[in-house]
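Inside the fold
What follows is each chain in one-letter form.
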Amino acid sequence: KNEGFLSSVSPRRNKGRNCWKVSLEDIKFADRSRAVLPGLRFGSPASGAVSGKHQSLLSSFTGASHASLLNLGTTRKFVPSVGTYSGRPVAVKKVSLGDFNITSNVKRELAQICSFHHVNLNMLHGICFPPHGSGDVTIISDYCQRGSLEDIIETEEIRLDNVFVWSFMNDLVKGMLYLHNSEVKSHGNLRPSNCVIDSRWVLKLTDFGSISCAASCEKTRQAEDVARFTRMFWVAPELLRRECPLKGSQKGDVYSFAMVAYEVATRSAPYTDSQLTPREIVRKVIRREDPLMRPETGEDFSSMPGLESLIKDCWTELPENRPDFTAIRKRLKGMEYGRTFNIVDNVIAKLEKYTKNLESVVAERTAQLEDEKRKTELLLQRMLPNSVADTLKQGNPVTAEHYDMATIFFSDIVGFTEMAADSSPMDVVTMLNDLYCCFDAIIDGFDVYKVETIGDAYMVVSGLPERNGDRHVTEIADMALTLLRDVHSFRISHKADQKLQLRIGIHTGPVVAGVVGLTMPRYCLFGDTVNTSSRMESTGAPLRIHVSGTTAKMLAQHKVYDLVLRGEIQVKGKGKMTTYWLLDKVQKGQEEPEEPPTQPQPQPQPQPQPGQHKRQKTVMSTLGQKSLD
Ligand SMILES: Nc1nc2c(ncn2[C@@H]2O[C@H](COP(=O)(O)OP(=O)(O)OP(=O)(O)O)[C@@H](O)[C@H]2O)c(=O)[nH]1
Ligand SMILES: [Mg+2]
């Protein structure tokens, strides 16, 4: 009697017999982007992001979402526009009525529905007629913030536990009882999309009455095959068999209730696991095939056994064997959750559950976010030096910096172009990947930074972005010797008999370093030292480390590096340079002189392995001369 006390008073009360007539001009629309706001819901199924088990039934038929199928197969889910009518948010839905006539009976019914005042019935404000008397009409009803039961089921993040299930069922049954006892007699269009949820998680029935049923029939009629038959899953078999009365029947509503209850409890649409098409399913339901075509129940009901048997009784084949809503309400009350809740407790319990849901969803999402952040940071660290990445992360600009001394290493594979020409692209990529993975693992052990790899070229620097005194020379030299040692044992997987001919060049000098680019920021080095290092590499020899005079001088001070004079070479843009071969690092006690040797050495052919060569202090060979011209 007084169950509707929570509903607020509609603005169109006391308008008499024509209370259901609304003028479109009285509805204010927000801007379009806000018109479909899903309210306080987690996700926005309205934006097409349909997820969860619910989706699978229909997507298994067509790859489309449940929502889109029920909305004539459109790719985006239909959502009503949201407007304001006398200060209340309203759902504004334009519908086609086909050849349905709005008779005086229909008008009377509309007036009744508009006067309904029940917490579980969504308030109908009225109908707007098209300006010229024919065409689509617009239905104006209260806008429920959390969308429909269909949306809630589809939104995976909202966990529906027994409290929610029981409470939605209870709301639904109370709404149906009121309808069945009213002059409207039946809903006729009960499905999850016609159960809307308000901000307090109260379920309200909507889209009932002759106009809504006529609009729904027209929608079904116009729908494509899959959507049309899918809409029939909620319709009782006896109504499917004969020309369906517009508003169905009370026992038909009980059947639809069973389907909705099944969806809420299992969180899956009817017949999700079926391999049949919606048309075949509906045909089986109509033909009353043995065994009867009904959704499968099972595990999902283990914690609510009373609900399973209630659902089965409600979708029983013979309408007369189905309970009515009075009996359904009694049985629901007898269930575990029914005993402990009155309406206020119920709302509070639901809000508490919802908050807990939110907390666990937030925790889950935070963990996901942190995981993603870690991945991004790792990627950034791989692309830029740590200190530079940190500065960029803090939103500070990275200004180019001058370094008085740094040592740069270049390496290149001799004959790479020819090798690439007679190998498959995949073989080349595999080889480079194998080689650079091996290099990357080695350079990890040194205080160096890999600047880039371009094709077969590998560029490494030490002494920046973190300055390391004079250590940059020895770090690079030690790294180069280790790399070369490993290259000797490196096998090219698709050319097992061929040895990789790596050529290495090193030079030390002043450098400017900074980040260039916005879309793909790169840490780049600038200055003559870079060019000279590259020249050291290009004028070097296979399996040899070619170092400039500056580098050699600094290395010689450590007295442990085995350096031999290569001689004077012509370097493009630099003129003549005296350069050296770095052959090895000798053990303590076998220290080398503090100055690099002054006698040139023969060109490397054949090349000795580092640590195995015999020092030959002879004149540079003609071959070496040639390679330098
Ligand atoms: N937020 C909110 N969404 C609503 C409301 N009414 C309908 N919707 C949304 O619109 C979708 C489609 O509703 P309708 O256009 O009535 O379509 P339907 O219910 O599938 O089909 P009918 O049987 O013709 O009513 C629902 O699933 C909801 O997502 C409401 O009051 N509030
Ligand atoms: Mg609807």
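Residues numbered from 1 in each chain as written. Chains lettered and ligands numbered in written order. Predicted model: local features only at pLDDT ≥ 70, side-chain atom pairs only at ≥ 80, totals over all residues. Heavy atoms only, no water.

1. Section: the coordination of the magnesium ion (ligand 2)
- Within the first shell, the magnesium ion (ligand 2) binds the protein through Asn-194 (OD1) and Asp-207 (OD), at distances of 1.9 Å. Taken together, the positions of Asn-194 in the loop between helix 6 (162-180) and strand 6 (195-197) and Asp-207 in the loop between strand 7 (203-205) and helix 7 (210-222) put the pair 13 residues apart, joining distant regions of the chain. Asp-207 matches Asn-194 in its accessibility class, with the two residues each being buried. (Donors = N, O, S within 2.8 Å, 3.2 Å for Na, K, Ca; no water. Helix = DSSP H or I, 4+ residues; strand = E, 2+ residues; numbered from the N terminus. Buried < 20%, exposed > 50% of the residue type's maximum accessible area, 1.4 Å probe, protein only.)

2. Side note on the pairing of strand 5 (residues 137-142)
- Most of strand 5 sits inside the fold, with 6 of its 6 residues counted as buried.
- Two elements, strand 3 (residues 88-95) and strand 5, share 6 bridges in a ladder whose sense is antiparallel. Among the inter-strand pairings, Val-90 is bridged to a residue of strand 5, identified as Asp-142.
- Relative to strand 5, strand 4 (residues 124-128) is paired through 4 bridges, and the arrangement is antiparallel. Bridged to Ile-127 within strand 5 is Ile-139. (Pairing = 2+ DSSP bridges.)

3. Remarks on the packing of aromatic side chains
- Inspection of every chain in the model, using the stated rule, returns 14 aromatic pairs.
- Ring centres of Phe-233 and Tyr-271 lie 5.0 Å apart, and the angle between their planes is 75 degrees; on these two criteria the pair is classed as edge-to-face. Placement of the pair is Phe-233 in the loop between helix 8 (225-231) and helix 9 (237-241) and Tyr-271 in the loop between helix 10 (250-266) and helix 11 (278-287), with a sequence separation of 38 residues.
- For Phe-233, a relative accessible area of 3% translates into the label buried.
- Relative accessible area serves as the criterion here: at 4%, Tyr-271 is assigned to the buried category.
- An aromatic cluster of at least three residues, connected via ring pairs, comprises Phe-116, Tyr-178 and Phe-208.
- For Arg-544, the ring lying beneath its charged end belongs to Trp-581, and the centroid distance is 5.3 Å. (Phe/Tyr/Trp six-rings, centres within 6.5 Å; stacked < 30°, edge-to-face > 60°. Lys NZ or Arg CZ within 6 Å of the ring centre and 35° of its normal.)

4. What about the nonpolar core?
- By size, the foremost hydrophobic cluster in this structure holds 75 residues, and its most contacted members are Phe-168, Leu-172, Leu-205, Phe-257 and Leu-307.
- When residues no more than four places from it in sequence are discounted, the contact partners of Leu-205 are Asn-120, Leu-121, Asn-122, Leu-172, Gly-175, Met-176, Leu-179, His-187, Leu-190, Asn-194 and Cys-195.
- Ile-476, Leu-484, Leu-563 and Tyr-580 belong to the second-largest nonpolar core, a separate cluster that totals 43 residues. (Core = buried A, V, L, I, M, F, W, Y, C linked by side-chain atoms within 4.5 Å. Contact = heavy atoms within 4.5 Å.)

5. Some remarks on the side chain of Arg-322
- Along the chain, the position of Arg-322 falls in the loop between helix 12 (305-314) and helix 13 (325-334).
- A polar contact is formed between the side chain of Arg-322 and the backbone oxygen of Thr-316, at a distance of 2.8 Å.
- Excluding its chain neighbours within four sequence positions, the residues that come into contact with Arg-322 are Ala-236, Pro-237, Glu-238, Lys-251, Gly-252, Val-254, Tyr-255, Asp-313, Cys-314, Trp-315, Thr-316 and Glu-317. (Polar contact = N/O pair within 3.5 Å; in protein donor to acceptor, adjacent residues only side chain to side chain.)

6. Some words on the sheet that holds strand 3
- What the 5 strands build is an open sheet, ordered 1-2-3-5-4; its pairing is antiparallel. With one partner strand each, in any of the chains shown, strand 1 (27-29) and strand 4 form the two edges of the open sheet. Looking at each pair of strands side by side, their axes are set apart by 35 degrees on average, direction ignored.
- As defined by bridge partners, strand 2 (residues 81-85) adjoins strand 3 across 5 bridges and the pair is classed as antiparallel. The residue of strand 3 that forms the bridge with Tyr-85 is Arg-88. (Axes fitted to C-alpha atoms, helices over the stretch in contact; angles between N-to-C directions.)

7. A few points about the environment of Lys-499
- Tracing the backbone through its elements, the reader meets Lys-499 in strand 12 (residues 495-499).
- For the pair Lys-499 and Leu-543, spaced 44 residues apart in sequence, the C-alpha to C-alpha distance is 9.9 Å.

8. Details of the site of ligand 1
- Around ligand 1 there are 23 residues in total, and Lys-93, Cys-144, Asp-151, Ser-193 and Lys-219 lie nearest to it.
- The side chain of Asp-151 places a nitrogen or oxygen atom 2.6 Å from an oxygen atom of ligand 1.
- Across the complex, the protein chains shield 96% of the 630 Å² of accessible surface that ligand 1 would expose by itself.
- Elements supplying a minimum of two residues to the shell around ligand 1: strand 3, helix 5 (149-154) and helix 7. (Near = heavy atom within 4 Å. Areas by Shrake-Rupley, 256 points an atom, 1.4 Å probe, with all protein chains shown as cover.)

9. Structural notes on helix 10
- The terminal C-alpha atoms of helix 10, which comprises 17 residues, lie 24 Å apart, in line with the 24 Å expected from a rise of 1.5 Å per residue.
- Summarising burial for helix 10: 15 of the 17 residues are buried, a large majority.
- Among the residues trailing helix 10, Arg-267 stands out with phi positive, at a value near 60 degrees. (Expected span 1.5 Å × (residues − 1).)

10. Remarks on the packing of helix 19 (residues 471-488) against helix 21 (residues 549-556)
- Axis separation between helix 19 and helix 21 bottoms out at 9 Å; the angle between their running directions is 100 degrees. Considered as vectors, helix 19 and helix 21 are oriented roughly perpendicular to each other. Residues His-472, Val-473, Thr-474 and Ala-477 of helix 19 touch helix 21, and the partners they reach there are Thr-551, Met-554 and Leu-555.
- In terms of residue class, the contact of helix 19 with helix 21 is built from 4 nonpolar, 3 polar and no charged. (Parallel < 35°, antiparallel > 145°, perpendicular 65-115°, else oblique. Nonpolar A, V, L, I, M, F, W, Y, C, P; charged D, E, K, R; others polar.)

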